[in-house]
Amino acid sequence: MTASSRRFALAGAVLALLAAVGLASYFVAADGRPKEAGKGAGKGSQAVLISAAVVQPRALEIYEEVIGTLENIIDPTVGAEVAGRVTRVLGFTGKKVVKGEVLAEIDAVDFEIQSRGDKAEIGRLTSLLDQQQRVVERQQKLVSQGFISQNAVDDAMAQRNALREQIAAARARAAATGRSLTKSKVVAPVDGEIETQVVAVGDYVKLGDPLFKLVGVQEMRAHLLLPEAAATRISTGLRVVLSSPAAPERVIEARIDEIKPTVGTNNRALDAIVKFRGDGNLFRGGGTVNARIVTRTLDGALMVPEQSVVLRPAGKVVYAVQEGVARQRVVETGLRQNGMQEITKGLTAGETIANDGAGFLTDGAAVTLPKPRAATEKDRKSDKGAKKG
């Protein structure tokens, strides 16, 4: 016998052995006792263990999902309000600041000197005004006695009034000097974060020179670009659920505030604008945001778990559980959302359907549900604690 013949003989013996084992297992019942060939192979079959769910109506949100871009609404440039040399810098790139916090200081010695001069000038004019007031009072007495003419009194009163106006002007100059003295301290105009530091210690700055670039990290604007076909479904006031790619589980709800009236020339897209208040950490200007725009809500939609809908020759079917028996129902489906499937036809609310294990069922198959787990001592203690709470 050749080597090839021996291989064929060995393969035939293996196949015969496998066939014998398969037939033997076919005629062995579930309890281990042999069956009689041809008698009741399908009788007494065990029920299929499944899990079940009750069909209940619920609200179904219809939404558009889009990825948008973020923009800071408040991003002021802090400039020098007085001229001078920078003596101190407290702000730096990336620093979080609050409104009114000092970012830098400009040399204020000249303003302090001017402030002292203004106070001295006000004091000098006040003394002259007091003296002139006494002159007016004396001349009025002399006029009443007929010693001088009324013209002398009028001249004295004019000089007194002029001194009063000079004092008012001196006080205005003093107020301006005091304001300049205050402006020598550069402060943050809003709560935010320093994006760019322009100035350094020793720089001489002129009025209006930029010193810092700030961004308000809380007041945000999201630009959501949508296709032109969505124009009939999108409107202002629609609810929007926003989430960051860094933490999708943390969401912020807002509403569409504006929709630009024109379509983008480059992308042919609608720009829906959503204003919201972020936490300053997840959402940053220039970044992206995941947005879900709820266009409408369907009330009373029948939703079932996706795995309960299976394909059969009749089409998509769901197995309704009635007195321990699975009954096939041909259904029509609608939207799919979050692991749930909408059933538009073929089921009614309140029915019990097969969930896990539905793919192994046929019409009329016996089914059984898991038995409730016996309560343990730990469960009983937790129940007591819940009652006390």
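Residues numbered from 1 in each chain as written. Predicted model: local features only at pLDDT ≥ 70, side-chain atom pairs only at ≥ 80, totals over all residues. Heavy atoms only, no water.

Some words on the confidence of the model for the protein chain
Averaged over every residue, the pLDDT of the protein chain is 82; residues scoring 70 or more account for 84%. In this model residues 1-44 is a low-confidence stretch, pLDDT under 50, and it forms 16 contacts with partners more than four residues away in sequence or in other chains. Segment residues 378-389 is flagged for pLDDT under 50; beyond a separation of four residues in sequence, or across chains, it makes three contacts in the model. (pLDDT = per-residue confidence, 0-100. Contact = heavy atoms within 4.5 Å.)

What to know about the packing of helix α2 (residues 109-145) against helix α3 (residues 150-183)
Closest axis-to-axis distance for the α2/α3 pair is 8 Å, and the angle between their directions is 165°. With respect to their mutual orientation, α2 and α3 come out roughly antiparallel. The crossing of α2 and α3 is left-handed. A class-by-class count of the residues in the contact of α2 with α3 yields 17 nonpolar, 12 polar and seven charged. (Axes fitted to C-alpha atoms, helices over the stretch in contact; angles between N-to-C directions. Helix = DSSP H or I, 4+ residues; strand = E, 2+ residues; numbered from the N terminus. Parallel < 35°, antiparallel > 145°, perpendicular 65-115°, else oblique. Left-handed = near helix turned anticlockwise from the far one by under 90°. Nonpolar A, V, L, I, M, F, W, Y, C, P; charged D, E, K, R; others polar.)

Let's talk about the sheet that holds strand β7 (residues 102-106)
Read from one edge to the other, the open sheet built from four strands follows the order β8-β7-β5-β10, with strand pairing classed as antiparallel. The open sheet terminates on both sides in strands that have one partner only, identified here as β8 (185-187) and β10 (204-205). Where strand β5 (residues 84-89) and β7 come together, three bridges link them in antiparallel fashion. Across the sheet, the residue bridging to Val89 is Ala104, located in β7. (Pairing = 2+ DSSP bridges.)

A short note on the nonpolar core
Core analysis: the largest hydrophobic core is formed by 20 residues, its most contacted members being Leu224, Val240, Ile256, Val274, Phe276 and Ile293. Mapped by element, the contributors of at least two residues to this core are β3 (56-72), β12 (219-227), β13 (239-244), β14 (247-259), β15 (269-277) and β16 (288-305). The contact partners of Val240, leaving out residues within four places of it in the chain, are Leu224, Ile252, Glu253, Ala254, Arg255, Ile256, Val274, Ala291, Arg292 and Ile293. With 18 residues, the next largest nonpolar core counts Val86, Val97, Val186 and Ala188 among its residues. (Core = buried A, V, L, I, M, F, W, Y, C linked by side-chain atoms within 4.5 Å. Buried < 20%, exposed > 50% of the residue type's maximum accessible area, 1.4 Å probe, protein only.)

Some words on the packing of aromatic side chains
Here a ring pair, both rings aromatic, is described through the centre-centre distance and the interplanar angle of the planes. For the coordinates displayed, the defined rule picks out one aromatic pair. Look at Phe276 and Phe283: their rings are 5.3 Å apart centre to centre, the planes differ by 75°, and that puts the pair in the edge-to-face class. When its relative accessible area of 6% is taken as the criterion, Phe276 is described as buried. Note on Phe283: relative accessible area 2%, which makes it buried. Across from the ring centre of Tyr63, 4.2 Å away, lies the NZ or CZ of Arg292, which sits over that ring. (Phe/Tyr/Trp six-rings, centres within 6.5 Å; stacked < 30°, edge-to-face > 60°. Lys NZ or Arg CZ within 6 Å of the ring centre and 35° of its normal.)

So, the side chain of Gln341
With respect to the helices, strands and loops of the structure, Gln341 is situated in strand β21 (residues 340-345). Of the polar contacts made by the side chain of Gln341, one reaches the backbone oxygen of Gly334; its length is 3.2 Å. With residues up to four places along the chain from it excluded, the contact list for Gln341 reads Leu302, Met303, Val304, Glu306, Val309, Thr333, Gly334, Leu335 and Arg336. (Polar contact = N/O pair within 3.5 Å; in protein donor to acceptor, adjacent residues only side chain to side chain.)

Quick word on the environment of Glu351
As for its placement among the helices and strands, Glu351 is situated in the loop between β21 and β22 (352-354). Residues Glu351 and Ala53, spaced 298 residues apart in sequence, show a C-alpha to C-alpha distance of 8.4 Å. Excluding residues within four positions of it along the chain, Glu351 makes contact with Ala53, Val54, Val55, Ala320 and Arg329. Of note is the side chain of Glu351, whose polar atom sits 2.9 Å from the backbone nitrogen of Thr348.

Here's the deal with the pattern of salt bridges
In a structure, side chains of opposite charge can pair up when their charged atoms sit close to one another. Evaluated as defined, the whole model comprises 17 salt bridges. A salt bridge links Arg239 to Glu253, with the shortest nitrogen-to-oxygen separation between them at 3.1 Å. Here Arg239, found in strand β13, pairs with Glu253, found in strand β14; they are 14 residues apart in sequence, far enough to count as distant. A salt bridge links Arg329 to Glu351; the shortest N-O distance between them is 2.7 Å. Here the residue Arg329 occupies a position in strand β19 (residues 325-330), and Glu351 occupies one in the loop between β21 and β22, the gap between them amounting to 22 residues. Look at Glu351 and you get buried, because its relative accessible area is 15%. A network of salt bridges, in which partner residues are shared, links Glu61, Arg239 and Glu253. (Salt bridge = Lys/Arg side-chain N within 4 Å of Asp/Glu carboxyl O.)

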